[in-house]
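Residues per chain, in single letters:
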Amino acid sequence: MPPAHPFDDDKLKEECGVFGVIGVADAANFVALGLHALQHRGQEAGGIVSHDPDEGFNSARRFGYVRDNFTSQSLMKTLPGPLAIGHVRYSTAGSKGAAIRDVQPFFGEFSMGGAAIAHNGNITNADALRRELIERGSIFQSSSDSECIIHLMARSLQRNIPERMEDALRRVEGAFSVVAMTRTKLIGVRDPLGVRPLVLGKIGDGWALSSETCALDIIGAEYVREIEPGEMVVISEKHGIESVRPFRTQPSKFCVFEHVYFSRPDSIIGGRSVYETRRQIGVELARESPVEADLVCAVPDSGTPAAIGFSQESGIPFAMGIIRNQYMGRTFIEPTEQIRNMGVRLKLNVNRALIKGKRVILVDDSVVRGTTSRKIKEMILDAGAAEVHFRIASPPTAWPCFYGVDTPQREKLLAATMTEEEMRQHLNVDSLKFISLDGLYRAVGEAEGRNAKCPQYCDACFSGEYPVEPADMIQKGFQLKAAE
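To keep things clear, this report deals only with the structure shown in the data block. This one's a predicted model, so the numbers in the text were calculated from it and none came from an experiment.

## Regarding the overall build of the protein
Right, on to step 1. A tally of regular secondary structure across the protein gives 20 helices and 25 strands.
Right, on to step 2. Against the globule reference of 23 Å for 484 residues, the protein gives a C-alpha radius of gyration of 23 Å, in line with a compact fold.
Right, on to step 3. Taking the principal axes of the C-alpha coordinates as reference, the protein spans close to 70 × 55 × 40 Å.
Right, on to step 4. The buried share of the protein, reckoned over its 484 residues, is 57%.
Right, on to step 5. In the protein, the proportion of contacts linking residues at least 24 apart, taken out of those at least 6 apart, comes to 68%.
Right, on to step 6. Surface summary for the protein: the accessible area is close to 20,000 Å², and the carbon and sulfur share equals 49%.

Following this line, the structure appears as structure tokens:
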């Protein structure tokens, strides 16, 4: 399924979101609502697995939006029971988006009963594990790295499924937030570095696990806490919540881009409002890179909180210079090159009466390939703007992510091949400034900025410093940043 328009194709994409519920009637309905709230984390496909004591395990996997599939009463009736997990995903490059067998959750039948697993993140040694497992007789059904976990669990000699999962995940490198289920248990695990998010909520007498707090809000669940890096929680109606630590304790390396772009602004991360962090990024930007102008405008919607912060700090009025068409879906047919070239205009339109003759500061969350930035700049100039100044609410994205984000190859990242000044000339704007890494760290609550010896977050897409060596990619010839 190709992107609907170039605008979508020029943003980094979080590859998935996970959600699970135990201890409520018709748990799958709650999961469907949770996945709807996590739709921004994956829009290609979704799946739900449920368990009912009388009917056993049932699953449904579909391409497309949650609202187009998991709102059908006839479908939801096939997913009964008080326990369910679900997953929304983006596909990565190649044919992965084309096969329903790649849509999670994955299900496996073990000697002690069935289990289903949904995974957010990326396994950086998946190729090596897959080769080893196939040589030992495993038969893979999908092209997803997540399926390795099921096969490792099947080969484990441990006596129950949670212990088998511990065993399996100790073999896995990379980033993983996992939500899994057995017949009676809901399980949540974060990798030792806590790269991807996972939170715990309480709903009535039951419990929920979610990639983000905004999905707890939609089902009326109370946010309890984050699952900690390296923690596994096993939740059952019989025993409540049991917490274990399967991995060696390491310093946390949460993905800083969750704060910048991936998470919904109404979510809470690490006790901080995502909206407030993004507003603070705008404040830092205004301090670091001031410029004389008449208006501050956001590139909607992800640039809006930072633009508000920039306006408040600089005293330059915030205005809606670009209007977003909320009804531009992914199903728009693009029959001709001429229509395709209108892609950005289909989604965004310039408020001409406001922009004409003005010096405009455009605030966006990131510059990846630069294709969208150029189109937006042209639209602003066509509307009669006197000057265009770009302010970017993240440092230059110069390195690919291997931890669950669909990033272009390094040579396609604008910041990998150009200096800031070269990017300014390429985009043909009056000025271009990115927030500094230290400024970003201050905005997320680190008053002293980034600790260069031991960064508090994973910021590999900006710094090239990977907290987990991407073994499979190195095997394929990827060159790590040279040591300074």
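Moving on, there is more to tell.
## Overview of helix α5 (residues 126-135)
Right, on to step 1. Ala126, Leu129 and Leu133 are the residues of α5 that are buried. When α5 is viewed along its axis, its buried side chains cluster within an angular range of 65° and face the same direction.
Right, on to step 2. Considering only its buried residues, α5 is in contact with β7 (113-123), α6 (147-155) and α20 (471-475).
Right, on to step 3. Looking at the residues trailing α5, positive phi occurs at Gly137, about 105°.

## Quick look at the pairing of strand β9 (residues 185-190)
Right, on to step 1. In terms of burial, β9 is largely enclosed, as five of its six residues are buried.
Right, on to step 2. In terms of strand pairing, strand β8 (residues 174-181) meets β9 through five bridges, oriented antiparallel. The residue of β9 that forms the bridge with Ala180 is Ile187.
Right, on to step 3. Where β8 folds back onto β9 in an antiparallel hairpin, the turn is made up of three residues.
Right, on to step 4. Where β9 meets strand β13 (residues 232-236), five bridges bridge the pair, whose relative direction is antiparallel. Within the sheet, the bridge partner assigned to Leu186 lies in β13 and is Ile235.

The rules behind these values
- Residues numbered from 1 in each chain as written.
- Predicted model: local features only at pLDDT ≥ 70, side-chain atom pairs only at ≥ 80, totals over all residues.
- Heavy atoms only, no water.
- Helix = DSSP H or I, 4+ residues; strand = E, 2+ residues; numbered from the N terminus.
- Rg over C-alpha atoms; globule rule 2.2 N^0.38 Å.
- Buried < 20%, exposed > 50% of the residue type's maximum accessible area, 1.4 Å probe, protein only.
- Contact = heavy atoms within 4.5 Å.
- Areas by Shrake-Rupley, 256 points an atom, 1.4 Å probe, with all protein chains shown as cover.
- Arc of directions from axis to C-beta.
- Pairing = 2+ DSSP bridges.

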